[in-house]
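Residue-level structural notes
These are the residues of each chain, in order.
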Amino acid sequence: MELLVKSAPELKLFSIIAFRPRIDGYEEFKLEYAGREFDVSKVWVYSRVEDGFFDLIVYHPDFNEQESNIFISGSYILIDMALGEYDVVKNIRYIDHQELPENPVELGLKPFADLRKVFDEYKMTNKPLKQDS
């Protein structure tokens, strides 16, 4: 993808980028996707660093296995908005999606709005995964 973008011609009215960038204000975002609402204020996350790798579980209040593809796709859009697609693809080893438990704070979950801060702290203290050219 990166090579394709580098070889693209320069266009006066368009900028071609390889990956979806971070979006400021993602913490306030609500996404309507395939008939489901993804309200960042209702989504929670659990992250861990294991062997230097960042792993993530996204918890949605309405998650169900029958519609898991919808929740996975919608959640990836939110994660890309928070972290930027490049970091999601290159620097997260594992992402899972589950139903939000009744007691997220007691279980050590964090609001989705905190994801960027948690991830950026990880990047500051850990070597990024090997980058492809």
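Here goes a summary of the coordinates provided. (Residues numbered from 1 in each chain as written. Predicted model: local features only at pLDDT ≥ 70, side-chain atom pairs only at ≥ 80, totals over all residues. Heavy atoms only, no water.)

Some points on the overall build of the protein chain
Cut-off, in case you're wondering: Working definition: helices are DSSP H or I runs of at least four residues, strands are E runs of at least two. Numbering for both runs from the N terminus. Three labels apply to residues, based on accessible area from a 1.4 Å probe with only protein chains included: buried if under 20% of the type maximum, exposed if over 50%, partly exposed otherwise in between. Every accessible area reported is derived by Shrake-Rupley at a probe size of 1.4 Å, with residue values counting cover from the shown protein chains alone. Under the convention used here, Asp and Glu are negative, Lys and Arg are positive, and both His and the chain ends fall outside the count. Every charge is mapped to an atom, namely NZ of Lys, CZ of Arg, CG of Asp or CD of Glu.
In terms of helices and strands, the protein chain carries 4 helices and 6 strands. Starting at the N terminus and walking to the C terminus, you meet the elements of the protein chain as α-β-β-β-β-α-α-β-β-α. C-alpha atoms of the protein chain, sized along the principal axes, occupy 50 × 40 × 25 Å. When the 133 residues of the protein chain are sorted by exposure, 35% land in the buried category. For the protein chain, the computed accessible surface area is about 8600 Å², with 52% contributed by carbon and sulfur atoms. Side-chain charges in the protein chain split into 16 positive and 25 negative, and the spacing between the mean points of these groups amounts to 7 Å.

Some thoughts on unusual backbone geometry
One non-glycine residue, A34, lies in the positive phi region at around 50 degrees. Assignment of secondary structure puts A34 in the loop between strand 1 (30–33) and strand 2 (36–39). Phi is positive for D51, close to 55 degrees, though the residue is something other than glycine. Residue D51 is classed as exposed on the basis of its relative accessible area of 68%.

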